[in-house]
Amino acid sequence: MGNIIKVGMADLQTTDKQGVLTTLGLGSCVGITLYDPVKKIAGMAHIMLPDSRQIKNNANKAKFADTAIDVLIEAMRERGGQPKNFRAKLAGGAQMFTFGNGGNDIMKIGHRNALAAEEKLGALKIPVIAKDVGGSYGRTIELYGDDGRLFIKTIGHGSQTI
Amino acid sequence: MSIESLNQQHIDVLKEIGNIGAGNAATALAGMLGKKIDMDVPKVKILDIQEVAEVLGGEENIVAGIYFNVHGDIQGNIMFLLDLDSSKLLTNMLMGKSSENGELDEMDRSALREVGNILSGAYIASLVSLTNFNIHHSVPSLAVDMAGAVMSVPAIQFSHISDKVLFIETELKEGKDLVEARFFLIPDEPSFEKILNSLGVY
């Protein structure tokens, strides 16, 4: 196993075939992972909110689905990745708490985060080849730089590689 | 007003809310258990969002989060957080059992929701008495999961107004048993100003 690089909340990181990117305990946040299988360049962003344009406090680009994907692509390009090769995998976007009568908007933030990531990737023509989103439980994810596999583990909901 | 710009006076006021709130909560818990509950002076902490899970023993540490919707004169949420050991201790105390069993069963979960309900009610009562606001809270929702995942919900709410989160940490003790409890008060942005305003420190 290569270098393990931790991606925090509202953070993004990249690596090459030697590295593993991980983010621990994803809840309503979404882990957006990109991989270039030709150049073996991997990137991961841990976003918290769908849209930077709706928030005043939007200096941290890694916090939002829309801006984080742009920055992540640029960071991978700097490492030699080619956006035309990029493919995406998504995980997270859970609804951790449920209130009666549909609850308020904030409770559906996980779903909105996942949707925003897919829309942005769609607009950039980056295919989402696998995803494990939704549910009501947390996820820890690991993206392997050697082949782009995404390992997902949970508490009580098993683990899988996508 | 943002969390970054809070000064010492703001923090003292928030600490006082925490103090009175936790005091009420301890009294309520003592009544429920029929035991004497000691409480230490709460700590008010302002942390970077990345640091929150570390405080809770790491992102993958299993915690119980009991979450409420707050409405009325202010809008927001309250999270009452316990680590797994404290959760078991509390439910065991409450139901007079001494199980060492690792899992929380449905009965435990229901008891936890009830504890959260009572403690948060006590906490809100202190906020009401200090501010004269009319505040209600919803029925609780419980999640037992990785700390990072549970905390992502309040972290996301805080993230609308700041890259920092504010929380009040308190320890409740019954004899030698220590229950570490944490309250997060998460007002929306206008409500945050309203609270400080009503306390004369804005």
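Per an unreviewed UniProt entry, chain B is named Chemotaxis protein CheC, and its organism is Isachenkonia alkalipeptolytica.

The name recorded for chain A in an unreviewed UniProt entry is Probable chemoreceptor glutamine deamidase CheD, from Isachenkonia alkalipeptolytica. Its UniProt record, at the heading Sequence similarities (unreviewed entry), says of chain A: "Belongs to the CheD family." Quoted verbatim from the Catalytic activity (unreviewed entry) field of UniProt, the annotation for chain A is "L-glutaminyl-[protein] + H2O = L-glutamyl-[protein] + NH4(+)".

Trainee: It is not clear to me how the environment of B:Val128 should be interpreted in this structure. Could you clarify?
Mentor: Turning to its location among the elements, B:Val128 is positioned in helix 4 (residues 106-131). Through-space distance from the C-alpha of B:Val128 to that of B:Asp12 is 18 Å; in sequence the pair is 116 residues apart.

Trainee: What am I meant to see in the confidence of the model for chain B here?
Mentor: Any residue range with low pLDDT should be treated as having predicted coordinates unsuitable for detailed reading. When the pLDDT values of chain B are averaged, the result is 78; 90% of them are 70 or greater. Scored as a whole, the predicted complex attains pTM 0.85, and scored at its interfaces, ipTM 0.88.

Trainee: I tried to follow the side chain of B:Thr91 on my own but got confused; where do I start?
Mentor: Residue and element names in this part refer to chain B. Relative to the elements of secondary structure, Thr91 occurs in helix 3 (residues 84-95). Engagement of the side chain of Thr91 in a polar contact is seen with the backbone oxygen of Lys88, the distance being 3.1 Å. When near neighbours in sequence (up to four residues on either side) are disregarded, Thr91 contacts Asp108, Ala111 and Leu112.

Trainee: Honestly, the nonpolar core in this entry has me stumped. Any pointers?
Mentor: Nonpolar side chains tend toward joint burial in soluble globular proteins. Core analysis: the largest hydrophobic core is formed by 41 residues, its most contacted members being B:Leu29, B:Ile78 and B:Phe80. With 8 residues, helix 1 (residues 8-33) of chain B is the single largest residue contributor to this core. If we ignore the near neighbours within four places in the chain, the residues touching B:Phe80 are B:Ala64, B:Gly65, B:Ile66, B:Val115, B:Gly116, B:Leu119, B:Ser120, B:Ala181, B:Arg182 and B:Phe183. Counting residues in each nonpolar core, the second largest holds 23 residues, with A:Cys29, A:Met48, A:Ile152 and B:Ala155 among its members.

Trainee: I keep staring at the interface of chain B and chain A and nothing clicks. Help me out?
Mentor: When the parts come together, some accessible area is lost, and that loss is often what is quoted as the size of the interface. Across the contact, 33 residues belong to chain B and 33 residues belong to chain A. Taking both sides of the interface into account, the surface hidden between chain B and chain A amounts to around 2,600 Å²; carbon and sulfur atoms contribute 64%. Interface area lost by chain B to chain A is led by B:Met146, B:Ile156 and B:His160, which between them contribute 21%. Our count for the chain B to chain A interface comes out at 2 salt bridges. Here A:Lys6 makes a salt bridge to B:Glu59, at a shortest N to O gap of 2.9 Å. Between the two partners, chain B and chain A, sit 6 residue pairs in polar contact (both at pLDDT 80 or more). Elements with a minimum of two residues in the side of chain B that touches chain A: strand 3 (62-72), strand 4 (76-83), strand 6 (141-146) and helix 5 (147-159) of chain B. Per-element accounting of the side of chain B that touches chain A gives the leading share, 9 residues, to helix 5 of chain B. For the side of chain B that touches chain A, a count of residues per class yields 16 nonpolar, 12 polar and 5 charged.

Trainee: Is there a simple way to think about the pairing of strand 6 of chain B in this case?
Mentor: Two faces, one strand: in a regular strand the side chains alternate between the faces of the sheet. Residue and element names in this part refer to chain B. Where burial is concerned, most of strand 6 is hidden: 6 out of the 6 residues are buried. As judged from the 6 bridges shared by strand 3 and strand 6, these two strands associate in the antiparallel manner. Residue Gly65 lies in a different strand from strand 6, and its bridge partner there is Ala143.

Trainee: What is the right way to look at the sheet that holds strand 2 (residues 11-15) of chain A in this model?
Mentor: Strand-to-strand pairing in sheets goes through backbone hydrogen bonds, with the strands running parallel or antiparallel. Residues and elements named next belong to chain A. Sheet architecture is open: 5 strands sit in the order 2-5-4-6-7, paired in mixed fashion. Among the strands making up the open sheet, the edge pair consists of strand 2 and strand 7 (128-133). Direction aside, the axes of adjacent strands within the sheet are offset by 10 degrees on average. Together, strand 2, strand 4 (30-36) and strand 5 (41-47) form the strand contacts of helix 1 (residues 65-78), whose direction differs from that of strand 5 by roughly 160 degrees. The sheet strands contacting helix 2 (residues 109-123) are strand 4, strand 5, strand 6 (87-92) and strand 7, and the helix crosses strand 4 at an angle near 25 degrees.

Trainee: Please clarify how helix 5 of chain B should be interpreted in this entry.
Mentor: Given 3.6 residues per turn, any residue in an α-helix points the same way as the ones three and four places further on. Residues and elements named next belong to chain B. Taking 1.5 Å of rise per residue, 13 residues should cover 18 Å, and helix 5 covers 17 Å from first to last C-alpha, within 8% of that figure. At Val153, helix 5 is bent by approximately 35 degrees, the largest bend along its length, and proline Pro154 sits one to four residues beyond. Along helix 5, 13 of the 13 residues are buried, which leaves the element largely enclosed by surrounding structure.

The rules behind these values
Residues numbered from 1 in each chain as written. Chains lettered and ligands numbered in written order. Predicted model: local features only at pLDDT ≥ 70, side-chain atom pairs only at ≥ 80, totals over all residues. Heavy atoms only, no water. UniProt positions renumbered as here; feature names shortened; annotations may be inferred. Helix = DSSP H or I, 4+ residues; strand = E, 2+ residues; numbered from the N terminus. pLDDT = per-residue confidence, 0-100. Polar contact = N/O pair within 3.5 Å; in protein donor to acceptor, adjacent residues only side chain to side chain. Contact = heavy atoms within 4.5 Å. Core = buried A, V, L, I, M, F, W, Y, C linked by side-chain atoms within 4.5 Å. Buried < 20%, exposed > 50% of the residue type's maximum accessible area, 1.4 Å probe, protein only. Buried area = accessible area lost by both parts, 1.4 Å probe. Salt bridge = Lys/Arg side-chain N within 4 Å of Asp/Glu carboxyl O. Nonpolar A, V, L, I, M, F, W, Y, C, P; charged D, E, K, R; others polar. Pairing = 2+ DSSP bridges. Axes fitted to C-alpha atoms, helices over the stretch in contact; angles between N-to-C directions. Expected span 1.5 Å × (residues − 1). Bend = angle between axes of the 7 residues up to and from the residue.

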